[in-house]
Amino acid sequence: MTTVQTIELPAAPINASPVPHLTSIHAAKGRGPYGSSRYRGNCGGYLIRDLIRYYKSEHVLDPMMGSGTCQDVCRELRVACTSMDIKLGDDAADPESYRHIDPVDFVWMHPPYWKMIRYNDDPQCLSNAESLEAFLDRMAEVLNHCRSVLTRDGKIAVLIGGFSEGGRYQPLSQLLMAKAIEIGLWPATTEIIRFQHGNTSSRRSYQSSFIPGLHDTCMIFEER
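Residues numbered from 1 in each chain as written. Predicted model: local features only at pLDDT ≥ 70, side-chain atom pairs only at ≥ 80, totals over all residues. Heavy atoms only, no water.

Draft legend 1. Just the environment of P20, in detail. Considering the arrangement of structural elements, one finds P20 in the segment before β1 (25-26). Along the sequence, P20 and I86 sit 66 residues apart, while their C-alpha atoms lie 35 Å from each other. (Helix = DSSP H or I, 4+ residues; strand = E, 2+ residues; numbered from the N terminus.)

In structure tokens, the structure reads:
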């Protein structure tokens, strides 16, 4: 028998935020008219929209555009957006990919969750990193390249989740947080827990026993 539970989110303190509903829990259902749900691993656009509005961004960089969700959000908000992707020949870990990018004040990044989904056979793709350490090192390169085109008060947002491999959990958000701090970035705010409505795995049945993950984590960094 399946029990459906409905939770009430805690009340948030009233403050001067330009996006009052944006808190450490992002529970919006649906993906909105952004990107393509047919692109595996794609996220909806509501969190991106809320963050761009909160930081009042004027030029956004999306170094891993996927199906173009961030680009669609920026188009709706009439905000300039520079997008690139490995499938278009732009390696986010290559400094050459940033050489002609004008300064940006916000970076949105939704990288592969290491090898949870392998997107292609390109050895430069983060989903093909040969080890967890190699994945984190390449992510550090990406973060450093993004900060090279970031304005003084700019922010870098990274949405990522963990997964289990061979019975061992890979806590990518915690490990990436530590790596970002190691290279001189610092959390600009609390982590944002984003509920994963419509997750592919939630439509499947498993014979094994485990605690399902129903969220991913958005971390926002700035210069220390």
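Next comes the rest of the account.
Draft legend 2. Representation of the pattern of salt bridges in the model. The final tally for this structure, using the stated rule, is ten salt bridges. We note a salt bridge from D85 to K87, for which the minimum N-O separation is 3.7 Å. With a shortest N-O distance of 3.3 Å, K155 and E222 are connected by a salt bridge. Remark: E222 occurs in strand β10 (residues 215-223) and K155 occurs in strand β5 (residues 150-160); sequence separation between them is 67 residues. For K155, a relative accessible area of 12% translates into the label buried. On the basis of relative accessible area, E222 is assigned to the partly exposed category, the value being 25%. Connected through shared salt-bridge partners, D137, K179 and E182 make up one network. (Salt bridge = Lys/Arg side-chain N within 4 Å of Asp/Glu carboxyl O. Buried < 20%, exposed > 50% of the residue type's maximum accessible area, 1.4 Å probe, protein only.)

Draft legend 3. Highlighting helix α1 (residues 46-55). Every buried residue of α1 is accounted for by L47, I48, D50, L51 and I52. Just beyond α1, the residue with positive phi is K56, at close to 55 degrees.

Draft legend 4. Region of interest: the pairing of β10. Examined bridge by bridge, β5 and β10 share five bridges and lie antiparallel to one another. Residue pairing across strands places V158 opposite M219, the latter belonging to β10. Across three bridges, strand β8 (residues 185-187) lies against β10 in antiparallel orientation. Opposite P187, over in β10, you have F221 as the bridge partner. Where strand β9 (residues 192-195) and β10 come together, four bridges link them in antiparallel fashion. Residue pairing across strands places R194 opposite D216, the latter belonging to β10. (Pairing = 2+ DSSP bridges.)

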